[in-house]
Amino acid sequence: AQSVTQPDIHITVSEGASLELRCNYSYGATPYLFWYVQSPGQGLQLLLKYFSGDTLVQGIKGFEAEFKRSQSSFNLRKPSVHWSDAAEYFCAVGLANAGGTSYGKLTFGQGTILTVHP
Amino acid sequence: DAGVIQSPRHEVTEMGQEVTLRCKPISGHNSLFWYRQTMMRGLELLIYFNNNVPIDDSGMPEDRFSAKMPNASFSTLKIQPSEPRDSAVYFCASSVSAGRGTPGELFFGEGSRLTVL
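Residues numbered from 1 in each chain as written. Chains lettered and ligands numbered in written order. Predicted model: local features only at pLDDT ≥ 70, side-chain atom pairs only at ≥ 80, totals over all residues. Heavy atoms only, no water.

### Notes on the pairing of strand E4 (residues 31–38) of chain B
Consecutive side chains along a regular strand alternate between the two faces of the sheet.
Residue and element names in this part refer to chain B.
Inference 1: The buried fraction of E4 is high, at seven of eight residues.
Inference 2: One ladder, built from eight bridges, connects E4 with strand E5 (residues 42–50); its direction is antiparallel. For Phe-33, the partnering residue across the bridge sits in E5 and is Tyr-48.
Inference 3: Hairpin connection from E4 to E5: three residues lie between these consecutive antiparallel strands. (Buried < 20%, exposed > 50% of the residue type's maximum accessible area, 1.4 Å probe, protein only. Helix = DSSP H or I, 4+ residues; strand = E, 2+ residues; numbered from the N terminus. Pairing = 2+ DSSP bridges.)

Following this line, the structure appears as structure tokens:
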């Protein structure tokens, strides 16, 4: 079965510091990978996605992620964190059903809560 | 354009009562998903529809839960009877799915926070 693991439940960084959030997946085929962000009381918003091609993908708000097939990882990075980045971050893998048809079904990791100190 | 619209935003009810959550997907989107979020279990996919047809309801926890999508612009998630363990935030999301190929981006509503006393 497909699964997504985010090893870090909670990360605290200082404003201006660099950030890396870890994500590992278990999936038999080439995965479709996503990072979403959730601010308190809000729904999830897409930061970036990887389907194929260049393994380094750029997203909104200055985030990027790198797909490493050998490590089954899709870590999220940002060179300099802003206080407004404090939120919960979810990694997700896109699935296809048994017939090979993708309806956009995603499995999410448990999330990583990011706290930013001034 | 309006995003995914969910109602109510907050619902407090007593155990045994019927709860109906509503969702209006983004116009033109043909896939709709219901997720449940709790501290203990994170985000769980309950059911999803494609072109108004339920594709996979294996995530629906019990027969007390049911979901319908009578047309492309409306879906409901019903819990009857409700129990305290159903307390959670329920999210609706929609996307454009072309069938075979890459999945579309999920657009989430702001969620319905349900508290069952």
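### Let's talk about the sheet that holds strand E3 (residues 19–24) of chain B
Residue and element names in this part refer to chain B.
Inference 1: Sheet architecture is open: four strands sit in the order E1-E3-E8-E7, paired in antiparallel fashion. With partners counted over all chains shown, the strands left at the sheet margins are strand E1 (5–7) and strand E7 (65–71), one partner each. Strand after strand, the sheet turns through a mean of 15° between neighbouring axes, direction not considered.
Inference 2: With three bridges connecting them, E1 and E3 associate as antiparallel partners. Note on E3: the bridge partner recorded for Ser-7 is Arg-22. (Axes fitted to C-alpha atoms, helices over the stretch in contact; angles between N-to-C directions.)

### So, the packing of aromatic side chains
Inference 1: In the structure shown here, the tally under the stated rule is 15 aromatic pairs over all chains.
Inference 2: With centroids separated by 6.0 Å and ring planes inclined at 75°, the aromatic side chains of A:Phe108 and B:Phe108 adopt a geometry described as edge-to-face. Of the two residues, A:Phe108 is situated in strand E11 (residues 106–108) and B:Phe108 in strand E10 (residues 107–108); the pairing between them involves two chains.
Inference 3: On the basis of relative accessible area, B:Phe108 is assigned to the buried category, the value being 11%. (Phe/Tyr/Trp six-rings, centres within 6.5 Å; stacked < 30°, edge-to-face > 60°.)

Purely spatial values, then, with no claim about function.
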